[in-house]
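# Geometric and topological summary
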Amino acid sequence: MQDSSTSTTPTAVSTIYDRADSVEVPSHDKHDKGLPISHGVPKVVEEEQPADIEHVLVQDDPRKWSKGRKTFTLATIASAALIATLGVNIYNPAIDDIKTELHASNQQISLTLATFILAQGIVPLFWSAVSEIRGRKFVYLISISLYVIGCGVAGSANTMNVLTGMRILQGTGGSAVLAIGAATLADIYEPRERGTVVGIYFAAPLLGPSLGPLIGGAATQLFSWRATFYFLCIFAGVSLLSFVFFKDTFRRERSLSYQSALRRATKERAEKLHTKAEKLPKSDSYEKERETGDSATPDLEAQPQPMLDEMKLSIKEISPIRPLIAVLKRKNNLAVLFASSSLFGFTYCITYTAVRTLAVQPYHYNSFEVGLVLLSFGIGSMGGSLIGGRWSDYSLRKYRLANGKTKSEDRLQSTKPMMLVLPLSLIAYGWMAEKKVNVGGLCVTLFLAGFSSVWIYSSTLAYIVDANVGRSSIAVACNSLFRGMGAFIAAEIAVPLQDGLGDGGLYTLWAGIMVAMNVLVLLTLYKGGAWREAAEEREKNQREKT
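Residues numbered from 1 in each chain as written. Predicted model: local features only at pLDDT ≥ 70, side-chain atom pairs only at ≥ 80, totals over all residues. Heavy atoms only, no water.

## A look at the overall build of the protein
A count of helical and extended segments in the protein gives 18 helices and 4 strands. Taken over 546 residues, the protein has a buried fraction of 55%. Across the protein, the fraction of contacts at a sequence separation of at least 24, relative to all contacts at a separation of at least 6, is 83%. By element, 62% of the accessible surface of the protein is carried by carbon and sulfur atoms, the whole surface being about 23,300 Å². (Helix = DSSP H or I, 4+ residues; strand = E, 2+ residues; numbered from the N terminus. Buried < 20%, exposed > 50% of the residue type's maximum accessible area, 1.4 Å probe, protein only. Contact = heavy atoms within 4.5 Å. Areas by Shrake-Rupley, 256 points an atom, 1.4 Å probe, with all protein chains shown as cover.)

Okay, structure coming up:
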């Protein structure tokens, strides 16, 4: 049961009870259900969906919250998102210690990373579906609690099987904030503001891959490899406490997934009651008694019917499969999702291979020194997120002033300035690393690569939210799935490709992939509007038929 912050109002409920004697109770408290209560057999009535489901009337509208409340919400989810990215490689400096103490092989160590990434990519689909039924706060509290447990047990693990299992639990728990964080921001900010706030939200976790080795190296040297997990446990615990004061942003009236579940549940209840009524014994005077209303037969229609909140939601009703298919059926979504996948694949590849490059001659850097070099990539990424997000909003405002109106795809105009910088910076980094030039050159190219890649990504992430009205959380979860798959594949093939092609060949190849990514973004910019509108019309026709 959610708190009153997730209450519904009768105004926007698209499935109602068609009875003249129904009454409305406005709140969603335990004493107030927030839906019309019928004293008869519910009849499903399909109301026409609002032109913009994001702006239907709701109680305690999150978009009308004070600036202070919105800022607290943004800060809470941004800091929580850091736990997921810190957990990726914070224990890398302690790998040798783990191998020695737990008698682990290189393959077993690699498995702990791969399973963590896979969990972060796949599980968000489940979290997003649950958040569309139970609200965002419920998911945050449960998922971060799992993360805390995973870190605590991992720190005390005595076998690799336990450590691997707890890494999966860490990935499962940490994935929720990355999956529904952008959807939470969509709940409280208008589209014209989202580029900036998504940039701020995404800036903190971008430092995770760079800060992780620094923190992990210090913790391992001062204590032991177990201290890396205990640090994550404490950090996540503080984040969990902050969510106790978090006010839920989810509103059911603005969720297509919830409205679909509501329609299905109401229709099923109506069919069950109709079947029961048909099975009642009928006397010879049955028709006469029905006409006079003087029937001794129990009248199911006169009995109050349980509300949706009192029903047990089936797996069908919370399954992410239907909304997932709806998101993946749109060509514009697929194009941006594959672009996102390639961007994150490159990110994991460059941070992974840089460790190997900098560990050998002429550099011979230890884990802490490698972390300092990679900090240039993290700072560049953070700058790209903050500045790129603001530029995204600026571009959207500029096109609105020029054309009188904008569409979701206009946000992607902001990606153009960095489309040339990204592949060129990769080529430069690859051949500088190949020729073993001064580390200063590597830091500059790493900064530019991080800055340009995240500049583009911040706009594509905001676009995914804007272009999937009413399905923002499942759309962002799809984005997490694709980027997780990209990261997993890149992590698996990075070393063989680096050994076979060298850094120069490897990052020339990645530059070519980034050019293909740019083409996908440009296709979405110029063709995505027509694709999206055609999909929306098709979905509308399907709803009317069913």
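## Thoughts on the side chain of Asp410
If you trace the backbone, Asp410 turns up in the loop between α15 (367-403) and α16 (421-434). Residue contacts for Asp410: discarding those within four places in its chain leaves Leu396, Lys405 and Leu525.

## Comments concerning α15
An ideal rise of 1.5 Å per residue puts 54 Å on 37 residues; α15 measures up with 52 Å between its terminal C-alpha atoms. Remark: the principal bend of α15, roughly 30°, maps to Leu374. The first or second residue beyond α15 is Gly404, which carries a positive phi of 85°. (Expected span 1.5 Å × (residues − 1). Bend = angle between axes of the 7 residues up to and from the residue.)

## Digging into the nonpolar core
Within the largest apolar cluster, 116 residues are counted, with the highest numbers of intra-cluster contacts made by Ile144, Tyr201, Phe346, Leu426 and Trp510. Tallying contributions element by element places helix α18 (residues 472-545) first for this core, with 18 residues. (Core = buried A, V, L, I, M, F, W, Y, C linked by side-chain atoms within 4.5 Å.)

## Points about the pattern of salt bridges
As enumerated under the stated definition, the model contains 8 salt bridges in all. Salt-bridge contacts for Arg356 lead to Asp499; the nearest nitrogen and oxygen are separated by 3.2 Å. Remark: Asp499 occurs in helix α18 and Arg356 occurs in helix α14 (residues 331-359); sequence separation between them is 143 residues. On the accessibility criterion, Asp499 (53% relative accessible area) is exposed. One salt bridge connects Asp410 with Lys407, and the closest N-O pair in it is separated by 3.5 Å. For Asp410, a relative accessible area of 8% gives the class buried. Here the salt bridges share partners, and the residues they tie into one network are Glu409, Arg532 and Glu536. (Salt bridge = Lys/Arg side-chain N within 4 Å of Asp/Glu carboxyl O.)

## Notes on the packing of helix α1 (residues 67-89) against helix α3 (residues 106-122)
Contact pair α1 / α3: the axes reach a minimum separation of 9 Å and the direction vectors enclose 160°. Comparing their axes, α3 and α1 come out roughly antiparallel. Considering how the two elements wind past one another, α1 and α3 form a crossing that is left-handed. Seen from α1, the contacting residues are Ala84, Gly87 and Val88; seen from α3, they are Leu113, Phe116 and Gln120. (Axes fitted to C-alpha atoms, helices over the stretch in contact; angles between N-to-C directions. Parallel < 35°, antiparallel > 145°, perpendicular 65-115°, else oblique. Left-handed = near helix turned anticlockwise from the far one by under 90°.)

## Structural notes on the packing of aromatic side chains
Per the counting criterion, the structure on display carries 17 aromatic pairs. Between Trp391 and Tyr394, the ring centres sit 5.1 Å apart and the planes meet at 45°, which makes this aromatic pair tilted. One end of the pair is Trp391 and the other is Tyr394, both in helix α15 and 3 residues apart, which spans about a single turn. With a relative accessible area of 39%, Tyr394 lands in the partly exposed category. Taken together, the ring pairs in this structure connect Trp391, Tyr394, Phe447, Phe451 and Trp455 into an aromatic cluster. Positioned above the aromatic ring of Phe116 is the side chain of Arg167, whose terminal nitrogen or guanidinium carbon lies 4.3 Å from the ring centre. Between Arg483 and the ring centre of Phe344, over which it is positioned, the NZ or CZ distance is 4.7 Å. (Phe/Tyr/Trp six-rings, centres within 6.5 Å; stacked < 30°, edge-to-face > 60°. Lys NZ or Arg CZ within 6 Å of the ring centre and 35° of its normal.)

## Observations concerning the confidence of the model for the protein
Of all residues in the protein, 78% attain a pLDDT of 70 or more, and the chain-wide mean is 77. In the model of the protein, strand β1 (residues 15-17) stands out as the element of lowest mean pLDDT, 31, in contrast to α16, which has the highest, 95. Across residues 1-51, where pLDDT falls below 50, the model places 138 contacts with residues more than four positions away in sequence or in other chains. Contacts for the low-pLDDT stretch residues 295-313, under 50 throughout, to residues beyond four places or in other chains number 44 contacts. (pLDDT = per-residue confidence, 0-100.)

## Quick look at the packing of α1 against helix α5 (residues 136-155)
For the pair α1 and α5, the least separation of the axes is 12 Å and the interaxial angle reads 35°. For the pair α1 and α5, the sense of crossing is left-handed. Residues Ile77, Ala80, Ile83 and Gly87 of α1 touch α5, and the partners they reach there are Tyr140, Ile144 and Tyr147. The class makeup of the residues in the contact of α1 with α5 is 6 nonpolar, 1 polar and no charged. (Nonpolar A, V, L, I, M, F, W, Y, C, P; charged D, E, K, R; others polar.)

## Some thoughts on a nonpolar patch on the surface
The grouping of Phe72, Leu241, Val244 and Phe245 at the surface amounts to a nonpolar patch, some 430 Å² of accessible area in total. Along the chain, Phe72 falls in helix α1. (Patch = residues over 30% accessible without salt bridge, like charges linked within 9 Å, V, L, I, M, F, W, Y side chains within 5 Å.)

## Some details on the state of the cysteines
Tallied over the entire structure, the rule returns 0 disulfides. Looking at Cys151, it has no disulfide partner, and the nearest cysteine sulfur is the one in Cys233, 6.0 Å off. A relative accessible area of 0% means that Cys151 is categorised as buried. (Disulfide = S-S within 2.5 Å.)

## Brief notes about unusual backbone geometry
The omega torsion across Gln361 and Pro362 is 5°, close enough to zero to call that bond cis. For Pro362, the location among the structural elements is in the loop between α14 and α15. Even without being glycine, His364 reaches a positive phi, approximately 55°. Secondary-structure assignment places His364 in the loop between α14 and α15.

## Some points on the environment of Gly430
Here Gly430 lies in helix α16. For the pair Gly430 and Trp510, spaced 80 residues apart in sequence, the C-alpha to C-alpha distance is 9.5 Å. Setting aside residues up to four positions removed in sequence, Gly430 forms contacts with Asp503, Gly504 and Tyr507.

## Here's the deal with the environment of Leu374
As for its placement among the helices and strands, Leu374 is situated in helix α15. In this structure, Leu374 is in contact with Ser210, Thr351, Ala354 and Val355, ignoring residues within four places of it in sequence.

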